[in-house]
Amino acid sequence: MSIRVCVGGATGWTGESVVAAIVESDEFELTGAVARRAAGQAVGDVRGEADGSRVRISSEVAEALREPADVYIDYTHPSVVYGNVMCAIEAGVAAVVGTSGLTGREYGEIDEAARARGVGVIAAGNFSITAALLKHFSGIAARHVPHWEIVDMASAAKPDAPSGTAQELAEFLGTVATNEFGRPVTETLGSREARGATIGGAQVHSLRLPSYVISVESIFGLPGERLSIRHDAGSSAEPYVAGTLLAARLAPGRVGLTQGLDRLLFEGESPRD
């Protein structure tokens, strides 16, 4: 039986690729789509396919979920993702969250609401395999090297900082080990802001420049040696599709929030062990 999916941000950069993979798959069925600018049109027409999907695009998640779905996938905007996910939870629909910008408090509220409703939510700052490996390997490094910082690089137009990838990484490393500072950031002479934002006990520096898509680098240092682990995304959304669909397969069978694609890839393993 096909997994019924509703996609938020269906005409966006990543959402469009996810929709294409769902439409072409025998495992999934597209039952709903959300994109305000294309509301009222058929998915196939927006994609330029005369014989494509006839699913009508809605302007709101609640409207799209009137058609039964097993999982809602969100690739919308940081300003609306929280409301969209909570709407899906209230409807009893599992959710996969690829949109960045959610705070730790909001993730906590999503987890609480999902557990109360008995549905699963899988969220990741980045659903690419190499980004998950960056997080996993960085967790291993943090057990042995107690000094690290994170550099977050993205396109000039990206509205949120840090990226979801960098924030998730920083918060995760803070649960693995304690980052040690040669000099406390509060004792910085000059501009304190030059040391970046403190997230999860680490300094995170966000660059926003043309030519970047998403790049994240964790840098670990010991006296006389240094380790860098870096993820670079290319110009297409293809790297995020496989991880998103993996999450869509698993989310309906879970309860509460699971944060990070690495939790799915390395289930039963932990760099904390």
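Draft legend 1. Looking closely at the packing of aromatic side chains. Applying the stated rule across the entire model yields two aromatic pairs. Here the aromatic rings of Trp148 and Phe220 are separated by 5.9 Å at their centres, their planes lie at 50 degrees, and the arrangement is tilted. Of the two residues, Trp148 sits in strand E7 (residues 148–154) while Phe220 sits in strand E10 (residues 214–222), which places them 72 residues apart along the sequence. Under the relative-accessibility criterion, Trp148 is labelled buried at 2%. Residue classification places Phe220 among the buried residues on the basis of a relative accessible area of 1%.

Draft legend 2. Up close: the packing of helix H6 (residues 129–144) against helix H7 (residues 164–176). Running from N to C, H6 and H7 point in directions that differ by 35 degrees, and their axes come no closer than 9 Å. Considering the relative orientation of H6 and H7, their crossing is right-handed. Between H6 and H7, the residues in contact are Leu134, Lys135, Ser138, Gly139, Ala142 and Arg143 and Glu168, Leu169, Phe172, Leu173 and Val176, respectively. Looking at side-chain class alone, the contact of H6 with H7 contains six nonpolar, two polar and three charged residues.

Draft legend 3. Region of interest: the side chain of Lys135. When you line up the elements, Lys135 lands in helix H6. The class for Lys135 is buried, based on a relative accessible area of 7%. Within the structure, the side chain of Lys135 is placed 3.1 Å from the side chain of Glu168, a separation counted as a polar contact. Polar side-chain contacts of Lys135 include one of 3.0 Å to the side chain of Asp262. Residue contacts for Lys135: discarding those within four places in its chain leaves Glu168, Leu169, Phe172, Gln259, Gly260 and Asp262.

Draft legend 4. Geometry of the pattern of salt bridges. One pass over the full model with this rule turns up 15 salt bridges. For Glu168, the salt bridge identified is with Lys135, shortest N-O distance 3.1 Å. In this pair, Glu168 is assigned in helix H7 and Lys135 in helix H6, connecting sequence segments 33 residues apart. Comparing Glu168 with Lys135 shows no difference in burial state: the two are buried.

Draft legend 5. Focus on the packing of helix H4 (residues 81–90) against helix H5 (residues 104–117). Packing of H4 against H5 brings their axes to within 9 Å, and their N-to-C directions diverge by 10 degrees. With respect to H5, the axis of H4 lies roughly parallel. On H5, the residues that touch Tyr82, Val85, Met86, Ile89 and Glu90 of H4 are Glu106, Glu109, Ile110, Ala113, Ala114 and Arg117. For the contact of H4 with H5, a count of residues per class yields seven nonpolar, no polar and four charged.

How each quantity is defined
- Counting from 1, residues in each chain are numbered in the order their sequence is written.
- Where totals are concerned, whole chains, interfaces and linings use all residues; where local detail is concerned, this predicted model gives features only for residues with pLDDT of at least 70, and gives and counts side-chain atom pairs only at 80 or more.
- To get the side-chain values, all heavy atoms of the structure are used, and hydrogens and water are removed first.
- Each aromatic pair joins two rings of Phe, Tyr and Trp (for Trp, the six-membered one) with centres within 6.5 Å, and gets the label stacked for planes under 30 degrees apart, edge-to-face for over 60, and tilted for any other angle.
- Under the DSSP-based scheme used, a helix requires at least four consecutive residues in state H or I and a strand at least two consecutive residues in state E, with every element numbered from the N terminus.
- Three exposure classes are used, based on accessible area relative to the maximum for each residue type with a 1.4 Å probe and protein chains only: buried under 20%, partly exposed in between, and exposed over 50%.
- Axis lines are fitted through C-alpha atoms, for helices just across the contact stretch, and the angle between N-to-C directions can take any value from 0 to 180 degrees.
- Crossings are classed by handedness, with left-handed meaning an anticlockwise turn of the near helix from the far one by less than a right angle and right-handed meaning a clockwise turn.
- Should any heavy atoms of two residues lie within 4.5 Å, those residues are considered in contact.
- Under the convention adopted here, Pro, Cys and the residues Ala, Val, Leu, Ile, Met, Phe, Trp and Tyr are nonpolar, Asp, Glu, Lys and Arg are charged, and Gly plus all remaining residues are polar.
- Pairs of N or O atoms are called polar contacts if they sit within 3.5 Å, as long as, within protein, a hydrogen donor faces a hydrogen acceptor (for residues adjacent in sequence, only side-chain-to-side-chain pairs).
- Within this document, salt bridges are pairs made up of a side-chain nitrogen of Lys or Arg and a carboxyl oxygen of Asp or Glu, the two lying within 4 Å of each other.
- Geometric relationships in this document are graded by angle, where less than 35 degrees denotes roughly parallel, more than 145 denotes roughly antiparallel, 65 to 115 denotes roughly perpendicular, and other angles denote oblique.

Without other data, these values stay purely geometric and don't point to any function.
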